[in-house]
Amino acid sequence: MIRNSLAVAWKDLLIVLKDKGALAVYFLMPLLFASLLGMAFGNAGSDETTIEIAALVVNQDNGAYGQMLADGLVGTELLVVEELSDATLADERVAGGEAAAALVIPTGFSQKIDAGEPVEITIIKDPAQQEAASIVAGITNQAMAEIGMLGELRFGIHAVLAQAPEYDQAPPELVQAYEAQTLGVMWTQVQQMRQSPVIAVSDEAVEGAEELQPWDPITYYIPSFTVAFAFFLIGQMAKTLLQEKEEGTLRRLMSSPMPRGAVIGGKILAYMIVVFLQVIVLFSAGYALFKMPLGESPLAFLGLTVALALASASLGMLLGALCRSSKQADQMGMVLGFVLLALGGSIFPLFRAPGFMGILSRMTPSAWGIEGYMGLVADGWTLAETAPNILALLGFAVVFFGIAVWRFKFQE
Amino acid sequence: MNALNIAYKDLMMLLKDRGQLITLFLVPIGFILAFSAAFAAGQELEAQVIAVPVVNLDPGGEMSTLLLQQLNDDRGLQTEDYDQAQAAADLSDETIKLVLTIPSGFSADVQAGKQTTLRLAYGPAASDSEVQAVRLVVDGIASDLSLETQLVGGLSQMGAMMGDAPAEVRVFTAERIATQAESQFERAKTTPLVALSAKWPDQITQGREDFNPSSFGVAGFAIMFAFLSAQTTAASIFEERKEGTFRRLLAAPLGKWELLAGKMLPNFFLAILQMVIIVAASLVLLPLVGQQAPTLGNSPLGLALVTILVALCSTSLGILLGALCRTESQVGGISSVFLWIAGMVGGAFIPAFVLGDFLNAIGKVVPHYWAMQAYNDLMLRGGGVGDILLELGVLAGFAAVFFAIGLRRLRFA
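Quick caveat: nothing in here was measured; it's all calculated off a predicted structure.

Student: Requested: an account of the pattern of salt bridges, with residues and values cited.
Tutor: Counted under the stated rule, the structure contains 17 salt bridges over all chains. B:Glu240 serves as the salt-bridge partner of B:Lys9, at 2.6 Å between the closest nitrogen and oxygen. Of this pair, B:Lys9 sits in helix H1 (residues 2-16) while B:Glu240 sits in helix H10 (residues 230-243); the two residues are 231 residues apart in sequence, bridging distant segments of the chain. Residue B:Lys263 pairs with B:Glu240 through a salt bridge whose shortest N-O separation is 2.8 Å. Here B:Lys263, found in helix H12 (residues 256-285), pairs with B:Glu240, found in helix H10; they are 23 residues apart in sequence, far enough to count as distant. Overlapping salt bridges, with partners in common, bring together A:Lys11, A:Asp12, A:Glu244 and A:Lys267 in one network.

Take a look at the structure:
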């Protein structure tokens, strides 16, 4: 029985591995998705960022603060800033999508700050580049907080000085010099205060808690796309199963002195091996290209992978049992693959969402697989910590397999 | 006429294939729904108020009261009073994730300018992002409070240094400073000295007060799937080539181009239908999963033109793929990989800027990019046909080039 199963498995494995298109979909595609998204949403693999956002600055102010703000934005690495003199032109160019956002620093910006009057800077956002525009807004807000602080301080000093009885009689140059000097002293103090604030904040892990690591997106995307594409195999598996039935080769295999279990077992084994290969290829690539950790428990990793492979292969069997033709199986497999990809949390960790969506997500085997691998590579889970995920996947496998055996007909 | 007959035959074949129809229509809609539901859940997750257990060892103090008040002040946190021992026990048995401790003598220390530390302890149940989110808010409030008290302290000190001077020249008295600072801090809370106000370009909103563009783009998905359907055209050419029916059709009094036009027509209409259904379904279904319905802009003519050109481009690409692919796996798997990547670098899937400038440059050589630009101009920027002439031209150019190469390279037998 075992020899027979192995022979069937070998045959099916060769069919998959000889198909270059299938190899591209099952191995190359998840790798590309994971790498692209990992690079896009993190700094995985590279030390410098190449992201650049086009922004426009129209400085209508002739004072120091407007200049300070404009210079601050020009100096920001993330932004490619062009300075314009005409706000209408900037509006037009943002409307045309040439820049994600334009900042208009109004006339009298500096004078108003000096007089302690609140003043607004306008950001014109391109509705088609809203994500990029909000990054520009975030950077501007940071630069403005600094200017606001300086302005408040200067206004405060001026206001206090103005209360002095002899203020009106003093020569203006002297007053100005005194104000500037005081501001200088205070500004230096502010910088020092920031270095040693009177209220400090510390964070610490209590006993038993792991030291927190900054989240690396690749530790999400490699697990998520590996699992998603492990389930894209089900269409292929169901298709070959039904093809054998349609072409009569299944009946021939049945009439050979080989138990039925061996034929099915061989098929399942072949697709389990493909899942193993996917996991090996993708996690090795993650390790080699992005220095992704592989976790601390090889045993848990192995257990999770076996459970994932079983869940995927038995779902493929189930699909083969429920579909009427190989073509239908292929297409339903594709649909199911996409549903599992989205619902299982491969684009966004949906299983962590509160409420209904989170529960719905956890009803897919993918969610348990992704969470398990993430736990292993990102949080260094042990076998005990991974056990619920392994058991959940095995549970899915048993249910899928049970229904498949019940519904599958070897002959029409 | 002959072309129409072939088109009719192909259309019948497609419509009889229920699985194919599912792939063409249900997959994209399901994908968009799942994607946008995930997107909405993500936003909900971010907007969630985080409960922060607080152990206050300085109860009733002026500064600790102020701190607690600011922590609960609409910044996504909600503090809960905890007893110190209880908090420690709950932290280790994972009933709570983190605890913020306000040290005893907090108010007195801050007012005296003596450094004091707020401690944020987290247990095994806490995740990095939660700790970071709480830390960010606490840091912000702590640094504002520090600066306020230290500034007033610093100015008073300056005043005190001039304490020896005669009363008339003692400008910086503690009293004046305190009053001035308080009035400024008070004002800054409601109206900051410098604020940022956002708006859409006047050129777009002129005469349209209700302009409210959706931030979730459906156009990208429509483009993505319209181009994926190039595989349907490619597969039908491949099949006929493989089974030899192409040669038979050629034996009939038919021009080569008639044959190709007949192949293209049904797929062309299906691609248009597919995009229309995707957008229509999004209009109805997206609000149900908590997303804003897509905005369509105000140029039906422009939308029609882009959609026709995208469909044309996709079918010509199908001819090209059908001509170039030598094996079934090239038509199926390898083409899908290629088309998905094209959609990604073309900005149909994620905002283009996050990919960095190198991939962005590559993005411009795929038709997806230009289709995306055209739809953005129409649907999000409210533009008209005049704004998308370049994009229309480029898309037509792609279609012509794909078709020309496809026609040249296509071997019918």
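Student: So what's going on with the state of the cysteines? Which residues, and what values?
Tutor: Taken as a whole, this structure holds zero disulfides over all chains when the rule is applied. B:Cys325 carries a free sulfur, and the closest cysteine sulfur to it, the one in B:Cys313, is 17 Å from it.

Student: Help me get a handle on the interface of chain A and chain B, residues and values and all.
Tutor: With 104 residues of chain A at the interface, the matching set in chain B holds 98 residues. Interface area, chain A with chain B, both sides summed: about 8,600 Å², of which 70% is carbon and sulfur. Taken together, the connections running from chain A to chain B amount to three salt bridges. For the side of chain A that touches chain B, the secondary structure elements donating two or more residues are helix H2 (20-41), helix H4 (87-95), helix H5 (109-114), strand S4 (119-125), helix H6 (130-161), helix H7 (172-195), strand S5 (199-205) and helix H13 (326-343) of chain A. Broken down by element, the residue count for the side of chain A that touches chain B peaks at 20 residues, all from H6(A).

Student: Tell me about the sheet that holds strand S3 (residues 101-105) of chain A, and please be specific about residues and values.
Tutor: One open sheet holds the five strands; their spatial order is S2(A)-S1(A)-S3(A)-S4(A)-S5(B), and the pairing between them is mixed. If you trace the sheet from one side to the other, it starts and ends with strand S2 (79-84) of chain A together with strand S5 (194-199) of chain B, each paired once. Averaged over all adjacent pairs, the angle separating strand axes in this sheet is 25 degrees, with direction ignored. The pairing of strand S1 (residues 53-59) of chain A with S3(A) spans five bridges and is parallel. Counterpart to A:Ala55 in the pairing with S3(A) is A:Ala101. Packing against the sheet, H6(A) makes contact with S1, S2, S3 and S4 of chain A together with S5 of chain B, and its axis sits at approximately 165 degrees to S5(B).

Student: Before we move on, could you go through a positive patch on the surface and cite the residues and values that matter?
Tutor: A cluster of basic side chains, namely B:Lys256, B:Arg326, B:Arg408, B:Arg409 and B:Arg411, defines a positive patch on the protein surface. Positionally, B:Arg411 belongs in the segment after helix H17 (389-409).

Student: Now, about the sheet that holds strand S3 (residues 98-102) of chain B: what can you tell me, with residues and values included?
Tutor: Taken together, the five strands give an open sheet; going across it, the order is S5(A)-S4(B)-S3(B)-S1(B)-S2(B), and neighbouring strands pair in mixed fashion. Two strands bound the open sheet, and with one partner strand each, they are S5 of chain A together with strand S2 (77-81) of chain B. Adjacent strand axes in the sheet meet at a mean angle of 30 degrees, parallel and antiparallel pairs treated alike. Sheet topology places S3(B) next to strand S4 (residues 116-122) of chain B; four bridges connect them, and they run antiparallel. Paired with B:Leu98 across the strands is B:Tyr122, a residue of S4(B). Each of strand S1 (50-56), S2, S3 and S4 of chain B touches helix H3 (residues 62-71) of chain B; the most contacted strand, S3(B), lies at about 150 degrees to it. Sitting on the sheet, helix H4 (residues 84-92) of chain B touches S1, S3 and S4 of chain B, and the angle it makes with S3(B) is about 155 degrees.

Student: Explain the packing of aromatic side chains to me, and be specific about the residues and the numbers.
Tutor: Here the structure, examined in full by the defined rule, presents 17 aromatic pairs over all chains. A centroid spacing of 6.3 Å and a plane angle of 20 degrees characterise the contact between A:Tyr221 and A:Phe225, whose relative ring orientation is stacked. Residue A:Tyr221 and its partner A:Phe225 are both found in helix H8 (residues 218-231); the two are separated by four residues, about one turn of the helix. In textbook terms, an aromatic cluster arises when at least three aromatic residues are bridged by ring pairs, as seen for A:Phe33, A:Tyr220, A:Tyr221, A:Phe225, A:Phe229, A:Phe232, A:Phe338, B:Phe225 and B:Trp340. We note A:Arg362 situated over the ring of A:Trp368; from NZ or CZ to the ring centre the distance is 4.9 Å. In this structure, A:Arg407 packs its charged tip against the face of A:Trp406, placed 5.3 Å from the ring centre.

Student: Tell me what's going on with unusual backbone geometry, and back it up with residues and numbers.
Tutor: Look at A:Lys291: it is not a glycine, yet its phi comes out positive at around 55 degrees. Turning to its location among the elements, A:Lys291 is positioned in the loop between helix H11 (260-290) and helix H12 (298-322).

Student: Describe the environment of B:Arg119, listing the residues and the values that go with them.
Tutor: Tracing the backbone shows B:Arg119 in strand S4. C-alpha separation for the pair B:Arg119 and B:Val55, spaced 64 residues apart in sequence, amounts to 9.8 Å. The residues contacting B:Arg119, other than those within four sequence positions of it, are A:Ser202, A:Glu204, B:Val99, B:Leu100 and B:Thr101.

Student: Please give an account of a negative patch on the surface that cites residues and values.
Tutor: Judged by side-chain charge, A:Asp379, A:Glu385, B:Asp93 and B:Glu94 come together as a negatively charged surface patch. As for its placement among the helices and strands, A:Glu385 is situated in helix H16 (residues 383-407).

Student: So, the domain arrangement of chain A: which residues are in play, and what are the values?
Tutor: Domains assigned within chain A are domain 1 (2-42 + 218-407) and domain 2 (53-159). Each of domain 1 of chain A and domain 2 of chain A has a C-alpha centre, and these two points are 51 Å apart.

Student: How would you sum up a nonpolar patch on the surface? Please name residues and give values.
Tutor: All names here are of chain A. Side chains of Leu 17, Ile 273, Leu 277 and Ile 280 sit close together on the surface and give an oily, nonpolar patch of about 280 Å² of accessible area. The greatest single-element share of the nonpolar patch, amounting to three residues, is contributed by H11. Inspection of the secondary structure assignment puts Ile 273 in helix H11. We classify Ile 273 as partly exposed; its relative accessible area is 30%.

Reading the values: rules and limits
Per-chain numbering applies: the sequence of each chain, read as written, is numbered from 1 onward. Think of it this way: whatever chain is written first is A, whatever ligand is written first is 1, and the rest follow in order. Selection of residues for local features in this predicted model requires a pLDDT of at least 70, selection of side-chain atom pairs for listing and counting requires 80 or more, and totals for whole chains, interfaces and linings are taken over all residues. As a convention, hydrogens and water are excluded, and side-chain values are obtained from all of the structure's heavy atoms. By salt bridge we mean one thing: a side-chain nitrogen of Lys or Arg within 4 Å of a carboxyl oxygen of Asp or Glu. Every helix listed is a DSSP run of H or I at least four residues long, and every strand listed is a run of E at least two residues long, numbered separately from the N terminus. Two cysteine sulfur atoms form a disulfide, by the criterion used here, when they sit within 2.5 Å. The contact criterion used is simple: two residues touch if any of their non-hydrogen atoms lie within 4.5 Å. Buried area is a sum: the accessible area each of two parts loses on coming together, probed at 1.4 Å, counted once for each and added. By the convention used here, strands pair only if DSSP detects at least 2 bridges between them. To define axes, lines are fitted to C-alpha atoms, for helices over the stretch in contact only, and angles between the resulting N-to-C directions are given on a 0 to 180 degree scale. Patch membership requires over 30% relative accessible area and the absence of a salt bridge. Like charges are linked within 9 Å, and nonpolar side chains (Val, Leu, Ile, Met, Phe, Trp, Tyr) within 5 Å. Here the open area of atoms and residues is found with the Shrake-Rupley method and a 1.4 Å probe, where only the protein chains shown may cover a residue. When charges are counted, neither His nor the chain ends are considered; positive counts come from Lys and Arg and negative counts from Asp and Glu. For the purpose of locating charges, the reference atoms are NZ of Lys, CZ of Arg, CG of Asp and CD of Glu. Planes of paired rings set the category: under 30 degrees apart is stacked, over 60 is edge-to-face and the rest tilted, where pairs are Phe, Tyr or Trp rings (Trp by its six-membered ring) whose centres lie within 6.5 Å. By definition, being over a ring means that NZ of Lys or CZ of Arg is both within 6 Å of the ring centre and within 35 degrees of the ring normal. Domain boundaries shown here were taken from an automatic or database domain assignment. Buried residues are those whose accessible area, probed at 1.4 Å on protein chains only, stays under 20% of the maximum for their type, while exposed residues exceed 50% and partly exposed ones sit between those limits.

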